[in-house]
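Listed below are the residues making up each chain.
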Amino acid sequence: QLQLVESGGGLVQPGGSLRLSCAASGSRLDAYGVGWFRQAPGKEREGVSCISRAGTITLTDSVKGRFTISRDNAKNTVDLEMKDLKPEDTAIYYCAAVPSPYSAFCTDGVGQGWYDYWGQGTQVTVSS
């Protein structure tokens, strides 16, 4: 049974950086497509980024040029590197996984309906 745990969140000033990690146990995360999502107070959960088993990557428009998603197979993680953070990035960040060898779930946008496994989230707060 795949389990996911997010880490790396915290309080940073605007313009700062954080690196979030989605750590897997019970299975190899490189056998899954992975997505990052976030939910701000009073807002709906939105897709942030995704990466397929084939390496297809999507970033939502608001984070393009600032965020990067990558796999670290030695650590069995998928990471989200966040730079030039803005107050509107404040949210709980979740990772999720889907056991698909294809890229359709991560071709155009970061939809939520594809994913079978979810972590519990990590808080990111961007404030002066």
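Asker: So what's going on with the pairing of strand E7 (residues 67-72)? Residues and values would help.
Answerer: Sheet topology places E7 next to strand E8 (residues 77-82); six bridges connect them, and they run antiparallel. When the sheet's bridge partners are listed, aspartate 72 is paired in E8 with threonine 77.

Asker: Before we move on, can you summarise the environment of cysteine 22 with the specific residues and values?
Answerer: Residue placement: cysteine 22 occurs in strand E3 (residues 18-25). Overall, the relative accessible area of 0% leaves cysteine 22 in the buried class. In this structure the C-alpha to C-alpha distance between cysteine 22 and aspartate 72, which are 50 residues apart in sequence, comes to 9.9 Å. What cysteine 22 contacts, discounting residues up to four positions off in sequence, is Leu4, Val5, Leu29, Trp36, Asn76, Thr77, Val78, Asp79 and Cys95.

Asker: Can you lay out the sheet that holds E3 for me, pointing to particular residues and giving the numbers?
Answerer: Spatial strand order, E1-E3-E8-E7: four strands in an open sheet with antiparallel pairing. Unpaired on one side and paired on the other, strand E1 (3-7) and E7 mark the two borders of the sheet. Strand-to-strand twist across the sheet, computed as the mean angle between neighbouring axes with direction ignored, equals 15°.

Asker: Kindly report on the packing of aromatic side chains, identifying the contributing residues and their values.
Answerer: Between two aromatic rings, the relevant description is the distance of the centres plus the angle of the planes. Scanning the entire structure with this criterion turns up five aromatic pairs. Aromatic pair phenylalanine 37 and tryptophan 118: ring centres 4.9 Å apart, planes at 40°, arrangement tilted. Here tryptophan 118 lies in strand E10 (residues 117-118) and phenylalanine 37 lies in strand E4 (residues 33-39), a separation of 81 residues in the sequence. On the numbers, 6.1 Å between centres and 70° between planes, the contact of tyrosine 115 with tryptophan 118 is edge-to-face. An aromatic cluster of three or more residues is present, and its members are Phe37, Phe105, Tyr115 and Trp118. Its guanidinium or amino end placed over the ring of tryptophan 118, arginine 45 lies 4.1 Å from that ring's centre, counting from NZ or CZ.

Reading the values: the criteria
Residues numbered from 1 in each chain as written. Predicted model: local features only at pLDDT ≥ 70, side-chain atom pairs only at ≥ 80, totals over all residues. Heavy atoms only, no water. Pairing = 2+ DSSP bridges. Helix = DSSP H or I, 4+ residues; strand = E, 2+ residues; numbered from the N terminus. Buried < 20%, exposed > 50% of the residue type's maximum accessible area, 1.4 Å probe, protein only. Contact = heavy atoms within 4.5 Å. Axes fitted to C-alpha atoms, helices over the stretch in contact; angles between N-to-C directions. Phe/Tyr/Trp six-rings, centres within 6.5 Å; stacked < 30°, edge-to-face > 60°. Lys NZ or Arg CZ within 6 Å of the ring centre and 35° of its normal.

By themselves, these observations are geometric and do not establish any function.
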